[in-house]
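Results of the structural survey
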Amino acid sequence: MVREAGSYEFDSDPDTELELKRLQRQAAAIEPLERRILSGAGLDVGDRALDIGCGPGLVSTLMARLVGNDGAVVGVDISETLLNSARALSAKEELGNLQFQHGSVYDLKLDSAPFDFAYARLFVQHLAKPLDALQQIRPYLRPGAKLCIVDIDDGWLSLVPEPDVYARFHERSVAGQAANGGDRFVGRKLGWYLQHAGFTEVDVTILPLSSAVFGMDAFLDVAVSPKWKMTAEPDRDQARNDYEAMRSLVDDPHAWGFLGLFVATGRIPEA
Ligand SMILES: C[S@@+](CC[C@H](N)C(=O)[O-])C[C@H]1O[C@@H](n2cnc3c(N)ncnc32)[C@H](O)[C@@H]1O
């Protein structure tokens, strides 16, 4: 049976504290790039914006700062635990223009539509039915509004020198994620999904990320560590050990890591 939360069910994580910290580190590492992505995609001061699959709200918080007090942001997620963390962050930052709502993208019931902009970061890769999800989001966007999806594609992930264990590690995690409905190669399909969901002016850009920018430690943390948890039993412990073995790259000054981050945008046709 395919899970509503696809391949990312936070509350089933064996160590939610650790995973939350990883999401926080990931958001901090990508934040400068994220600002450029959001403004390049058209997020503007005064916008009403939606952050779908917002998780702990780190991106929603950034969006709330970018739209300012004349705008508003609503973050939506299926995990109450993550939403509690998001609400605590928003309260700490005293953001009066940010709200969070519990719900599944497959059954959206938002009170505060229509939105000018919607964002989905590292979310669509986990969905068993991405097209259904996009079709659910569409009615909440005004004519002319933009949707921006940011996600990965493991075809654009590489480590040099490639650790001996990488091939089996990669293969098992891809299969494990797919078994729960996720898709580790979703990046290349995002433009197709947007077009089939009726968006116009669809554009896809691949942003290169590398260990030279983040440092190998952060690169592995962001791009490779989530993969061991996607591996199905009985291979998960092995996958974790494989990941730990690959971390020896941190001590190799000549090692490289590369990742393509897919940024796909589309617009709701004007009426
Ligand atoms: C990898 S996390 C990304 C979180 C956040 N966008 C970020 O980049 O930090 C994926 C998020 O999708 C949420 N999610 C999974 N399935 C969902 C669904 N059907 N509806 C809404 N949220 C969902 C999960 O709870 C999780 O917070």
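The paragraphs below set out a description of the structure included in this document.

What counts, and at which threshold
- Residues numbered from 1 in each chain as written.
- Predicted model: local features only at pLDDT ≥ 70, side-chain atom pairs only at ≥ 80, totals over all residues.
- Near = placed C-beta within 6 Å.
- Helix = DSSP H or I, 4+ residues; strand = E, 2+ residues; numbered from the N terminus.
- Nonpolar A, V, L, I, M, F, W, Y, C, P; charged D, E, K, R; others polar.
- Contact = placed C-beta atoms within 7 Å.
- Expected span 1.5 Å × (residues − 1).
- Buried ≥ 20, exposed ≤ 12 C-beta atoms within 10 Å, placed from the backbone.
- Axes fitted to C-alpha atoms, helices over the stretch in contact; angles between N-to-C directions.
- Parallel < 35°, antiparallel > 145°, perpendicular 65-115°, else oblique.
- Left-handed = near helix turned anticlockwise from the far one by under 90°.

**Considerations on the site of the ligand**
Taken together, 23 residues form the shell around the ligand, and within it A5, G53, G55, I78 and S79 come nearest. Elements with a minimum of two residues in the shell around the ligand: α1 (16-41) and α2 (58-67). For the shell around the ligand, the per-class residue count stands at 14 nonpolar, 6 polar and 3 charged.

**Notes on the environment of T16**
Mapped onto the secondary structure, T16 falls in helix α1. For the pair T16 and V222, spaced 206 residues apart in sequence, the C-alpha to C-alpha distance is 16 Å. Excluding residues within four positions of it along the chain, T16 makes contact with F10, D11 and T81.

**Regarding helix α3 (residues 80-92)**
Relative to the 18 Å expected for 13 residues at 1.5 Å per residue, α3 spans 18 Å between its end C-alpha atoms, a close match to the ideal helical length. Looking at the buried residues of α3, the elements they touch are α1, α2, β2 (72-77) and β3 (98-102). Downstream of α3 by one or two residues, E94 has phi in the positive range, about 55°.

**Quick word on unusual backbone geometry**
A cis amide bond, omega 0°, links V160 with the succeeding residue P161. Assignment of secondary structure puts P161 in the loop between β6 (158-160) and α5 (166-179). Cis rather than trans, the peptide bond between E233 and P234 has omega equal to 10°. On the secondary structure map, P234 appears in the loop between α9 (225-230) and α10 (236-246). If you check the backbone angles, E94 has positive phi at about 55° while not being a glycine. With respect to the helices, strands and loops of the structure, E94 is situated in the loop between α3 and β3. You can call E94 exposed: it has 7 C-beta atoms within 10 Å.

**Considering the packing of α1 against helix α8 (residues 216-223)**
Running from N to C, α1 and α8 cross one another at 120°; their axes reach a closest spacing of 10 Å. For the element pair α1 / α8, the angle class is oblique. Seen along the crossing, α1 lies across α8 with a hand that is left-handed. Together, R22, R25, Q26 and A29 of α1 and A218, D221 and V222 of α8 make up the contact between the two elements.

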